[in-house]
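Here are the chains, one letter per residue:
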Amino acid sequence: MLFLLIRIFPVLIPVGYFFILKFLFAFSGAWYWFLILAAALNLFYFILLNWKLGRKRVWFFALYSEIFVVLGLVNALLLSNQIFINFFIIIWSIIYLIYLESVFNYLYRTARFFLIDLKSITGYIGLLICFIMSYALLNFYVLLNFPWWGLIIIYFSVVFILFFERFLAYDFPLKTNFLYSSLTAVVLIEILIALLWWPNSIYVLALILLIFYYLLSSIAILYWQDKLTKKSAIQYLIFAAVVLALVLMTASWR
């Protein structure tokens, strides 16, 4: 019975999450209850996984998933266009389903373990989370006068988890993972601090942070795998530089 619940919840929970986001706008005054409900529903699934498997790694996936759930709700509230809101809710719920399914297949090493590759999925989802988190926090900082030190603390905590989850999928040893995640998160925080004084739009700043997140995580993985060569480093740096140049060329400076 327990395994049956664990198997069907990766589908049922994202469906429930979809309806939570939909009902959120009908009762927006009580948004915090919907946030608690979504977070509790997600946590319940990982409690069942830990109960069944007894593996510490489950809690790292749970924390990553909690960030995904919370950010989805926050970003839905920040959007103003009804079409964009509905599109975002659908896409975010589908991605949530894919993530939970990939975690299940990864932990149980099913026949679809290589078909639904957690390494690739966490890589793409990490990019989405990084951009949306940057956009949301910068909105709070600029529009709601959120304190800069609070922004840095939250950003560092979430980015550390994103890096840790990304490296965890590549089987980094725990101590190595902690070191790599800490160093890359500190570098990204330094970039964030520099960007807080840049006269540009929130979208542009969030994209710049996304580019550096991708660059840092990719180089760190190659370095740990002893695959970081001069050629591969130059390729990543050129790619990041070109994308960054395109972002800055299309930006509206003020």
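Thresholds, definitions, all that
Residues numbered from 1 in each chain as written. Predicted model: local features only at pLDDT ≥ 70, side-chain atom pairs only at ≥ 80, totals over all residues. Heavy atoms only, no water. Helix = DSSP H or I, 4+ residues; strand = E, 2+ residues; numbered from the N terminus. Rg over C-alpha atoms; globule rule 2.2 N^0.38 Å. Buried < 20%, exposed > 50% of the residue type's maximum accessible area, 1.4 Å probe, protein only. Contact = heavy atoms within 4.5 Å. Core = buried A, V, L, I, M, F, W, Y, C linked by side-chain atoms within 4.5 Å. Polar contact = N/O pair within 3.5 Å; in protein donor to acceptor, adjacent residues only side chain to side chain. Axes fitted to C-alpha atoms, helices over the stretch in contact; angles between N-to-C directions. Parallel < 35°, antiparallel > 145°, perpendicular 65-115°, else oblique. Left-handed = near helix turned anticlockwise from the far one by under 90°. Nonpolar A, V, L, I, M, F, W, Y, C, P; charged D, E, K, R; others polar. Salt bridge = Lys/Arg side-chain N within 4 Å of Asp/Glu carboxyl O. pLDDT = per-residue confidence, 0-100. Phe/Tyr/Trp six-rings, centres within 6.5 Å; stacked < 30°, edge-to-face > 60°.

Asker: Explain the overall build of the chain residue by residue, including any values.
Answerer: Assigned secondary structure in the chain consists of nine helices and zero strands. Listing each helix as α and each strand as β along the chain from the N terminus yields α-α-α-α-α-α-α-α-α. The C-alpha radius of gyration computed for the chain amounts to 19 Å, which stays within 12% of the reference 18 Å derived for 254 residues, consistent with globular compactness. If you line up the chain on its principal axes, its C-alpha atoms span 55 × 50 × 30 Å. The buried share among the 254 residues of the chain stands at 47%. Relative to all contacts within the chain whose residues are 6 or more apart in sequence, the contacts with residues 24 or more apart total 73%.

Asker: Run through the nonpolar core, naming residues and quoting values.
Answerer: Counting 84 residues, the largest nonpolar core has Y45, F46, F61, Y99, I129, Y155 and L188 as its most contacted members. The element contributing the most residues to this core is helix α8 (residues 202-224), with 13 residues. With sequence-adjacent residues up to four places away left out, F46 is seen in contact with V58, W59, F61, A62, S65, L100 and V103.

Asker: Give me the side chain of N42: which residues, what numbers.
Answerer: Here N42 is to be found in helix α2 (residues 31-53). Residue N42 is classed as buried on the basis of its relative accessible area of 1%. A distance of 2.8 Å separates a polar atom in the side chain of N42 from a polar atom in the side chain of E66. Non-local contacts of N42, meaning those with residues more than four positions away in its chain, are made with A62, S65, E66, V69, Y96 and L100.

Asker: Residues and numbers for the packing of helix α6 (residues 148-168) against helix α7 (residues 174-195), please.
Answerer: Packed helices, taken two at a time, are described by the angle between their axes plus the distance between the axes. Close contact between α6 and α7 brings their axes to 8 Å; oriented N to C, the two are set at 140°. On the basis of the axis angle, α6 is oblique to α7. Read as a crossing pair, α6 and α7 show a hand that is right-handed. By residue class, the composition of the contact of α6 with α7 is 19 nonpolar, four polar and no charged.

Asker: Outline the environment of A185, supporting the account with residue identities and numerical values.
Answerer: Among the structural elements, A185 can be located in helix α7. Residue classification places A185 among the buried positions, given a relative accessible area of 0%. If near-sequence neighbours (up to four positions away) are discounted, A185 is found in contact with F156, V159, F160 and F163.

Asker: Which residues make up the pattern of salt bridges, and what values do they have?
Answerer: For side chains bearing opposite charge, pairing can occur when the charged atoms are close. In the structure shown here, the tally under the stated rule is one salt bridge. Residue E101 is joined to R7 by a salt bridge in which the shortest nitrogen-to-oxygen separation is 2.7 Å. Highlighted residues: E101 in helix α4 (residues 82-108) and R7 in helix α1 (residues 2-24), separated in sequence by 94 residues. Here E101 falls in the buried class, since its relative accessible area comes to 7%.

Asker: Which residues make up the confidence of the model for the chain, and what values go with them?
Answerer: Scored by pLDDT, the chain comes out at a mean of 87, with 96% of its residues at no less than 70. Confidence scores differ between elements of the chain, with helix α5 (residues 118-143) showing the lowest mean pLDDT of 86 and α7 the highest of 93.

Asker: Please give an account of the packing of aromatic side chains that cites residues and values.
Answerer: A complete count under the given rule lists 26 aromatic pairs for this structure. Geometrically, the ring pair formed by F61 and Y106 is edge-to-face, given 5.7 Å between the ring centres and 80° between the ring planes. In this pair, F61 is assigned in helix α3 (residues 57-78) and Y106 in helix α4, connecting sequence segments 45 residues apart. Of the two residues examined, F61 and Y106, each falls in the buried class. Here F163 and Y213 contribute two aromatic rings whose centre-to-centre distance is 5.0 Å and whose plane-to-plane angle is 35°, an arrangement assigned as tilted. Here the residue F163 occupies a position in helix α6, and Y213 occupies one in helix α8, the gap between them amounting to 50 residues. Side by side, F163 and Y213 carry an identical accessibility label, which is buried.

Asker: So, unusual backbone geometry: which residues are in play, and what are the values?
Answerer: Backbone geometry places D171, a non-glycine residue, at a positive phi of 60°. Structurally, the position occupied by D171 is in the loop between α6 and α7. For D171, a relative accessible area of 45% corresponds to the partly exposed category. Positive phi values are uncommon outside glycine, yet D226 reaches one of about 60°. Assignment of secondary structure puts D226 in the loop between α8 and α9 (230-249). By relative accessible area, D226 is classed as exposed at 70%.

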